[in-house]
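Architecture at a glance
Okay, here's what each chain looks like letter by letter:
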Amino acid sequence: MNNFSYYAPTRYIFGKDTEKETGRLASENGMKKVLLTYGGGSVVRSGLLDRVKESLKNAGIEFIEFGGIKPNPTDDRVYEGIDVVRENNIDGLIAVGGGSVIDTAKAIALGALYDGDFWDFYAGKLVAERALPVGVVLTIPAAGSEGSGNSVITKLDGLHKISLRTDSALRPRFAILNPVLTFTLPAFQTASGIADMMAHIMERYFSPTEDVQVTDHLCQGLLRAIIDVAPRVIKNPEDYQARANIMWAGTMAHNGICGCGRVEDWVSHFMEHEISAVYGVTHGAGLTVVYPAFLMFMATHSPSKPAQFARTVFNITETDDAVAARKGAEALRKFFGSLGLPLTFAQLGIENPDISLLVDKLIENKGEIIGGYYRLNRADMTAIYELMK
Ligand code: NZQ
Ligand code: ZN
């Protein structure tokens, strides 16, 4: 196990009706006037936004609404939000939604305290150390941004989708997790979220670090729990207990606990971020095309960890590593398919993927050689994208 430092100061408030606590929690975190960020309207239609506003009013907290944030959020809304925050002396942000809404709130929170261009942080020119406080009311278990120190924004100029990873500056102060709020999710969004949280675990699991039994078992156990419960939320969207398990799994998957003491991989996310930046697909659905292809490639090039994954997560009994790894990739593919998720570029709606463009952008954004588990060069990246056809 490697040395590590782990600091995850988010307070989680879990269960039915917990959105009523928003005002109290905002107040406890020193907020007096907040930017209330949300997406394209699901929280308006469900009545959630009204309940959050009521809670803020009851706690004497003023707010300005900032809605219409789209999936795969872009830098233009961040610049706009920073201006609103500065013009109105806003001292905190409440994100009501999923990863796209939370990540935009985090970027605004960071940029508002910096005199230069907020993109400097995403471009790696500066380390993010301070931001306005952010609170979250989560509506979709998927990106894990409610517990992560990360924010993913796309720069429209050049379509650069970049994940900024901070130690603690961008971790939300609190995250309200009410599984009932996820009952209204369409099956496709539910399933894409499940794929994304599984990918967050696997990116940490596929690691060259030896003797990390604690995190290996955490990862394997979480994956098995998700696979066990997932069919229930697809079959019955109002199964509270199943929704609750999936919601907590999504947070555990990405708050860093599964990565302690080990080198992480992240190749599949890097590859998917290029697909969703260029073709605008749902992030989790992009990952269901990428991950089995990644595993199929690794079955030939570095099968030991994928074989362990196959045996412990999918009960594959095969003793030969390469064969077990291939069977694991197939089992994962079958599982994603059973949730109604896409398995090829064509099923994602991309008939003629421009693989050389995707690889060029990947190298431009992440470098000539990528990956923590196995070092991939241009030919390897191309081969994995080709396996997705
Ligand atoms: O916009 P509205 O109308 O709210 O609809 C949203 C949106 O269309 C809908 N939705 C959310 N909650 C709902 C609901 N519909 C009905 N009922 C509900 N309760 O779902 C759609 C997707 O929302 P979005 O916020 O985009 O989903 P997600 O949480 O998957 O976030 C995806 C973004 O997060 C990034 C992704 O790349 C992508 O940009 N990620 C962020 C990470 C992080 N900050 O740590 C890590 C991830 O790996 C990921 O890259
Ligand atoms: Zn993800």
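Quick look at the structure, then. Keep in mind that this is a model prediction, so the values were computed, not measured.

Some thoughts on the pairing of strand β8 (residues 174-177)
Alternating residues of β8 divide into Phe174 and Ile176 and Ala175 and Leu177, and every residue in both groups is buried. Examined bridge by bridge, strand β1 (residues 11-14) and β8 share four bridges and lie parallel to one another. Looking at the pairing, Tyr12 lines up with Ala175 of β8. Where strand β5 (residues 134-138) meets β8, four bridges bridge the pair, whose relative direction is parallel. Looking across to β8, one finds that Val137 is bridged to Ile176.

Some details on the nonpolar core
Judged by nonpolar contacts, the single largest core of 66 residues is most densely connected at Met198, Ile275, Phe309, Tyr385 and Met388. If you tally residues by element for this core, the top one is helix α11 (residues 283-301), at ten residues. Excluding anything up to four places from it in sequence, Ile275 contacts Gly280, Val281, Val290, Phe345, Leu348, Ile350, Leu358, Tyr385 and Met388. Residues Val78, Val84, Trp119 and Ala131 belong to the second largest nonpolar core, which totals 35 residues.

Considering the site of ligand 1
Residues in close proximity to ligand 1 total 32 residues, the closest being Gly40, Ser42, Gly99, Ser100 and His200. Asn150 is positioned with one of its backbone polar atoms (N or O) 3.2 Å from a nitrogen atom of ligand 1. Protein burial of ligand 1: of its 960 Å² of free accessible surface, 89% is covered by the chains. Elements supplying a minimum of two residues to the shell around ligand 1: α5 (99-111), β6 (150-155), α7 (187-205) and α10 (267-279). Of the residues in the shell around ligand 1, the class split is nine nonpolar, 20 polar and three charged.

Observations concerning the packing of aromatic side chains
The geometry of an aromatic ring pair is captured by two quantities: the separation of the ring centres and the angle between the planes. Under the definition given, this model contains 18 aromatic pairs. Ring centres 5.4 Å apart and planes at 75° place the aromatic pair Tyr291 and Phe294 in the edge-to-face group. With Tyr291 and Phe294 both in helix α11 and three residues apart, this pair spans about one turn of that helix. Here the aromatic residues Tyr205, Phe206, Tyr291, Phe294, Phe309, Phe314 and Tyr373 are joined through ring pairs into a cluster of three or more.

Some remarks on helix α14 (residues 355-366)
An ideal rise of 1.5 Å per residue puts 16 Å on twelve residues; α14 measures up with 16 Å between its terminal C-alpha atoms. Considered for burial, the residues of α14 that qualify are Ile355, Leu358, Val359, Lys361, Leu362, Ile363 and Asn365. Tucked into the core, α14 has its buried residues touching β7 (160-165), α10 and α15 (378-387). One or two positions beyond α14, positive phi appears at Gly367, with a value near 105°.

Rules behind the numbers
- Residues numbered from 1 in each chain as written.
- Chains lettered and ligands numbered in written order.
- Predicted model: local features only at pLDDT ≥ 70, side-chain atom pairs only at ≥ 80, totals over all residues.
- Heavy atoms only, no water.
- Buried < 20%, exposed > 50% of the residue type's maximum accessible area, 1.4 Å probe, protein only.
- Helix = DSSP H or I, 4+ residues; strand = E, 2+ residues; numbered from the N terminus.
- Pairing = 2+ DSSP bridges.
- Core = buried A, V, L, I, M, F, W, Y, C linked by side-chain atoms within 4.5 Å.
- Contact = heavy atoms within 4.5 Å.
- Near = heavy atom within 4 Å.
- Polar contact = N/O pair within 3.5 Å; in protein donor to acceptor, adjacent residues only side chain to side chain.
- Areas by Shrake-Rupley, 256 points an atom, 1.4 Å probe, with all protein chains shown as cover.
- Nonpolar A, V, L, I, M, F, W, Y, C, P; charged D, E, K, R; others polar.
- Phe/Tyr/Trp six-rings, centres within 6.5 Å; stacked < 30°, edge-to-face > 60°.
- Expected span 1.5 Å × (residues − 1).

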